[in-house]
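# Coordinate inspection notes
One-letter residues, chain by chain:
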Amino acid sequence: MNRLYMKQNLFSLSGKFTVKDMSEKDVYFVEGSFLKIPKTFTILNASREEVAHITKKVLSLLPKFHVDVNGKEVLTIKKEFSMFKSRYTIVDTDIEMRGNWWDMDFTVFYQGEQVGEVHKKWLSWGDSYEISIHEPSFEIMIIALVVAIDCVKSDDAAASNT
């Protein structure tokens, strides 16, 4: 099992994250667009090569994200209408997420097999997440899930403050 730590850069307007391994070595960089429509995030490996791209759909009643890994669309994350807690659906895949999405504490399954876990770290500056990867081929996709859901949560928080 591989354990990664994703931390949002505190003073970033565009949504930048650094993903480190257990020895604090940079493994991935996430760079969000600033004042760009549609909102996008690019995931870069340690060599600064793009490995994934996340695009927020513009004309959608509820947030929807398309995730491309190595140039191929692998999944769509869609927020569902819910009165009390946020719910998300991963469209057209065998990926399922169980747990508390709003508090960013959930497990990721592929065809019923656990492939990863995400836990938010509460006592930190900026958003920080611990990501456990049980199946290495899902590493980038799980990071993309965390980024997309974090974006929806940030947008919801901003909307409720206005």
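Because the structure is predicted, anything quoted here is derived from the model rather than measured. (Residues numbered from 1 in each chain as written. Predicted model: local features only at pLDDT ≥ 70, side-chain atom pairs only at ≥ 80, totals over all residues. Heavy atoms only, no water.)

### Here we look at the packing of aromatic side chains
Two descriptors summarise a pair of aromatic rings, namely the distance from one centre to the other and the angle between the planes of the rings. Considering all chains together, one arrives at one aromatic pair under this definition. Taking the ring centre of Phe-29 as reference, the NZ or CZ of Arg-48 above it sits at 3.7 Å. Positioned above the aromatic ring of Phe-109 is the side chain of Arg-98, whose terminal nitrogen or guanidinium carbon lies 3.9 Å from the ring centre. (Phe/Tyr/Trp six-rings, centres within 6.5 Å; stacked < 30°, edge-to-face > 60°. Lys NZ or Arg CZ within 6 Å of the ring centre and 35° of its normal.)

### Structural notes on the sheet that holds strand S2 (residues 16–20)
The pairing of strands in a sheet comes from backbone hydrogen bonds and takes either a parallel or an antiparallel form. Pairing is antiparallel across the open sheet formed by twelve strands, whose spatial order is S8-S7-S6-S5-S4-S3-S2-S1-S12-S11-S10-S9. The open sheet is flanked by strand S8 (87–91) and strand S9 (95–100), the only strands paired with a single partner. Each strand axis lies, on average, 20° off the axis of its neighbour in the sheet, ignoring direction. (Pairing = 2+ DSSP bridges. Helix = DSSP H or I, 4+ residues; strand = E, 2+ residues; numbered from the N terminus. Axes fitted to C-alpha atoms, helices over the stretch in contact; angles between N-to-C directions.)

### Quick notes on unusual backbone geometry
In the Ramachandran plot, Glu-24 falls in the positive-phi region, its phi being about 70° despite a non-glycine side chain. Examined against the element boundaries, Glu-24 turns out to sit in the loop between S2 and strand S3 (26–32). The phi torsion at Asn-70 lies on the positive side, around 55°, for a residue other than glycine. Its relative accessible area of 62% is what places Asn-70 among the exposed residues. (Buried < 20%, exposed > 50% of the residue type's maximum accessible area, 1.4 Å probe, protein only.)

### Looking at the nonpolar core
Counting 42 residues, the largest nonpolar core has Met-6, Tyr-28, Ile-43, Ile-54, Ile-131 and Ile-143 as the members making the most contacts within it. Sort the elements by how many residues they give to this core and helix H1 (residues 139–160) lands first, with twelve residues. Once residues lying within four places of it in the same chain are set aside, the contact partners of Tyr-28 are Leu-4, Phe-17, Thr-18, Val-19, Ile-43, Leu-44, Asn-45, Val-51, Glu-139, Ile-140 and Ile-143. (Core = buried A, V, L, I, M, F, W, Y, C linked by side-chain atoms within 4.5 Å. Contact = heavy atoms within 4.5 Å.)

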